[in-house]
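Take a look at the letters that make up each chain.
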Amino acid sequence: YGQEKPVPKFNMFVAGTSCKNFSMLMSSKRTDIEDKGCSGETFLAACEVLFKEKPRYAIFENVTGAPWGKMSEYITGRIDISGRHDKAIKGASKGKGGDLEFIQEQNNIRVDKVAAQYGVRCGAKVKGFSRSGSNTVHPISWPSKAKKRCNLAEIVKLNKINPGTDLLIVECE
């Protein structure tokens, strides 16, 4: 228990993270994925395995009250930027309000600050955005060479992204 062991080759990954922190029975003590509870830490560790091993199939199990929208975003890299705040567990992730913020590093756009409602990691590389109903990834333009950081509103406006229907696409690695 607790030792690193080599993982054999596999094409299906099944995980059930602890439900303790996501359960409605703990409504006054519920935590979100990023709040360092055992539920979130187990989920993020499972994502590391997914990103490294890239199995063909993955199945996750948890309670109904788990932040499934955010979990899906972490796994797929398809981020709903509509501004809906129903993906985060209410009352959790204190101090993580605001919006997504980005930096530009060596011609790559990376997520630099994450608000509680988004299922994306700091440092994730932005691949682009996709229009509603399409799998085509459109590149994202940066506001100006002189600008080192910007927020989601600036990216949306410059690239004519429809935040109500379009998705931000990030690499899952």
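The preceding data block contains the structure.
What you see is a predicted model, and the numbers here were worked out from it, not measured in a lab.

Thoughts on the sheet that holds strand 6 (residues 126-130)
Now for step 1: Ordered by their spatial adjacency, three strands build an open sheet running 3-8-6, and the pairing between neighbours is antiparallel. Each edge of the sheet is formed by a strand with only one pairing partner; in this case those strands are strand 3 (78-80) and strand 6. Across the sheet, the mean angle from the axis of one strand to that of its neighbour is 30 degrees, orientation sign disregarded.
Now for step 2: With four bridges joining them, strand 6 and strand 8 (residues 167-170) adopt antiparallel strand pairing.

Observations regarding the layout of surface pockets
Summary: where empty space remains is shown by rolling a probe the size of a single water molecule over the atoms.
Now for step 1: Its boundaries defined by the atoms lining it, the largest pocket holds a volume of some 220 Å³.
Now for step 2: Residues belonging to the lining of the largest pocket are distributed by class as follows: four nonpolar, no polar and five charged.

Some thoughts on the packing of helix 1 (residues 38-53) against helix 2 (residues 68-76)
Now for step 1: Between helix 1 and helix 2, the least distance of the axes is 10 Å, while the angle of their chain directions is 25 degrees. With respect to helix 2, the element helix 1 is oriented roughly parallel. Remark: the crossing between helix 1 and helix 2 carries right-handed chirality. Seen from helix 1, the contacting residues are Phe43, Leu44, Cys47, Leu50 and Phe51; seen from helix 2, they are Met71, Tyr74 and Ile75.
Now for step 2: Partitioned by chemical class, the residues of the contact of helix 1 with helix 2 number eight nonpolar, no polar and no charged.

Quick notes on helix 1
Now for step 1: Compared with the 22 Å implied by 1.5 Å per residue over 16 residues, the 22 Å span of helix 1 between its first and last C-alpha is a close match.
Now for step 2: Taken residue by residue, helix 1 has Ser39, Gly40, Phe43, Ala46, Cys47, Leu50 and Phe51 as its buried positions. Burial along helix 1 is one-sided: seen end-on, the buried residues are contained in an arc of 140 degrees.
Now for step 3: Summarising the contacts, the buried residues of helix 1 are in contact with strand 1 (12-16), strand 2 (57-61) and helix 2.

Describing the environment of Tyr74
Now for step 1: Its location among the elements puts Tyr74 in helix 2.
Now for step 2: Residue classification places Tyr74 among the buried positions, given a relative accessible area of 6%.
Now for step 3: Measuring from C-alpha to C-alpha, the distance between Tyr74 and Cys47 comes to 7.6 Å, with 27 residues separating the pair along the chain.
Now for step 4: Leaving out residues up to four positions away in the same chain, Tyr74 has contacts with Ile33, Glu34, Phe43, Leu44, Cys47, Phe51, Gly119, Val120, Arg121 and Cys172.
Now for step 5: Within the structure, the side chain of Tyr74 is placed 2.6 Å from the side chain of Glu34, a separation counted as a polar contact.

Things to note about empty space enclosed by the protein
Now for step 1: According to the stated counting rule, one finds one cavity of 30 Å³ or more in the structure shown.
Now for step 2: The volume enclosed by the largest cavity comes to roughly 60 Å³.
Now for step 3: Every residue along the wall of the largest cavity is listed here: Phe51, Glu73, Tyr74, Gly119, Val120, Arg121, Ala124, Val170, Glu171 and Cys172.
Now for step 4: A class-by-class count of the residues in the lining of the largest cavity yields six nonpolar, one polar and three charged.

Here's the deal with the pattern of salt bridges
It is possible for side chains of opposite charge to pair when their charged atoms get near one another.
Now for step 1: Under the counting rule described, the total for this entry stands at 10 salt bridges.
Now for step 2: One salt bridge in this structure joins Lys70 and Glu34, with 2.9 Å as the shortest N-O distance. With Lys70 in helix 2 and Glu34 in the loop between strand 1 and helix 1, the pair connects residues that are 36 residues apart, well separated along the chain. As far as the burial class goes, Lys70 and Glu34 line up, both buried.
Now for step 3: When salt bridges with common partners are traced through the structure, they connect Glu101, Asp112, Lys113 and Arg149 into a single cluster.

Thresholds applied
- Residues numbered from 1 in each chain as written.
- Predicted model: local features only at pLDDT ≥ 70, side-chain atom pairs only at ≥ 80, totals over all residues.
- Heavy atoms only, no water.
- Pairing = 2+ DSSP bridges.
- Helix = DSSP H or I, 4+ residues; strand = E, 2+ residues; numbered from the N terminus.
- Axes fitted to C-alpha atoms, helices over the stretch in contact; angles between N-to-C directions.
- 1 Å grid on protein atoms, 1.4 Å probe; cavity = no way out; pocket = protein on both sides within 12 Å on 5 of 7 lines; lining within 4 Å.
- Points joined across faces, edges and corners; volume = space filled by probe spheres on them.
- Nonpolar A, V, L, I, M, F, W, Y, C, P; charged D, E, K, R; others polar.
- Parallel < 35°, antiparallel > 145°, perpendicular 65-115°, else oblique.
- Left-handed = near helix turned anticlockwise from the far one by under 90°.
- Contact = heavy atoms within 4.5 Å.
- Expected span 1.5 Å × (residues − 1).
- Buried < 20%, exposed > 50% of the residue type's maximum accessible area, 1.4 Å probe, protein only.
- Arc of directions from axis to C-beta.
- Polar contact = N/O pair within 3.5 Å; in protein donor to acceptor, adjacent residues only side chain to side chain.
- Salt bridge = Lys/Arg side-chain N within 4 Å of Asp/Glu carboxyl O.

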